[in-house]
Amino acid sequence: MKKVLLALGLLVTFVITGCAQNSDEADTTDDQATTSSETENAEKSADDTANVKKALLDTQMNLVHELTTYQPAINDYTAAAADETSKEEDVKAAKEAAKTAASEVSGQLEGYEIQTELPEAEKEQYAEAIATLQTYYQQVATALEANVGEVDLSEADATWEDFQGQINEIYEAADLIAPDMKDALS
């Protein structure tokens with residue numbers, strides 16, 4: 001009888017030890033699965049962030065490409081109007097070129113569609129910034145159409161600052177350096 005109890009006791013010990021090892025192995029497997037899942041999530045998040053940054057830079061490049069032919073005419077007029085040595089006919093010619101450019105680009109921005117694959121939130125922010133930019137060009141065109149005295153672009157300049165602020169917000173949220181759009185479009 002002692003041998004049977006001893007054998008039964010050893011058997012119970014082996015069973016308990018075996019179950020404990022299976023439990024440890026299951027915990028280890030769960031830990032490995034959790035770590036693997038966290039690593040995959042981190043990699044996916046890094047990929048998503050990189051894709052958003054790339055899309056933002058592509059969007060900026062596309063916008064700049066579309067508008068670089070227009071902004072210099074406005075800048076030329078502003079410089080000619082501010083330069084006291086400019087001839088009156090040169091200022092008038094620059095004003096007409098700037099008025100035409102502002103009207104054309106305003107119309108172009110009206111139907112502007114973002115061609116890159118941005119997340120919906122960034123796409124909406126960029127669309128709002130482009131709407132602000134369109135307002136800027138409309139204000140410039142309106143101010144240049146007024147043929148009375150000196151042209152006042154202060155309202156348009158304030159709208160430009162709003163546009164630049166919106167762009168800054170988008171790029172800073174994506175951990176990018178915000179572009180100076182005035183320089184980029186000149």
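Residues numbered from 1 in each chain as written. Predicted model: local features only at pLDDT ≥ 70, side-chain atom pairs only at ≥ 80, totals over all residues. Heavy atoms only, no water.

Draft legend 1. Structural context of the packing of aromatic side chains. Going through the model one piece at a time under the given rule, you end up with four aromatic pairs. Between Y126 and Y171, the aromatic rings sit 6.2 Å apart at their centres with planes inclined by 70°, giving edge-to-face as the arrangement. Remark: Y171 occurs in helix α5 (residues 154–173) and Y126 occurs in helix α4 (residues 120–145); sequence separation between them is 45 residues. With a centroid separation of 4.9 Å and 65° between ring planes, the pair formed by Y136 and W160 is classed as edge-to-face. Of this pair, Y136 sits in helix α4 while W160 sits in helix α5, placing them 24 residues apart in sequence. The exposure class of Y136 is buried, given its relative accessible area of 2%. Its relative accessible area of 2% is what places W160 among the buried residues. One aromatic cluster in this structure is built from Y136, Y137, W160 and F163. Positioned above the aromatic ring of W160 is the side chain of K182, whose terminal nitrogen or guanidinium carbon lies 4.5 Å from the ring centre. (Phe/Tyr/Trp six-rings, centres within 6.5 Å; stacked < 30°, edge-to-face > 60°. Helix = DSSP H or I, 4+ residues; strand = E, 2+ residues; numbered from the N terminus. Buried < 20%, exposed > 50% of the residue type's maximum accessible area, 1.4 Å probe, protein only. Lys NZ or Arg CZ within 6 Å of the ring centre and 35° of its normal.)

Draft legend 2. Representation of the environment of E110 in the model. As for its placement among the helices and strands, E110 is situated in helix α3 (residues 88–110). Here E110 falls in the exposed class, since its relative accessible area comes to 62%. Separated by 21 residues in the primary sequence, E110 and A131 have C-alpha atoms spaced 7.7 Å apart.

Draft legend 3. The arrangement of α3 in detail. With 23 residues, α3 extends 33 Å from end C-alpha to end C-alpha; this agrees with the ideal 33 Å at 1.5 Å per step. For α3, the set of buried residues is V91, A94, K95, A98, K99, A101, A102, V105, S106 and L109. (Expected span 1.5 Å × (residues − 1).)

Draft legend 4. Up close: α5. Helix length check: α5, at 20 residues, gives a terminal C-alpha distance of 29 Å against a target of 28 Å (1.5 Å per residue), a fit within 8%. Turning to α5, its buried residues number three or more, namely A156, T159, W160, F163, Q164, I167, I170 and Y171. In a view along the axis of α5, the buried residues occupy a sector of 145°, so they form one face of it. What points out from α5, more than 90 degrees from its buried face, is the exposed set E155, E161, E172 and A173. (Arc of directions from axis to C-beta.)

Limitation: the analysis is restricted to geometry and does not speak to function.
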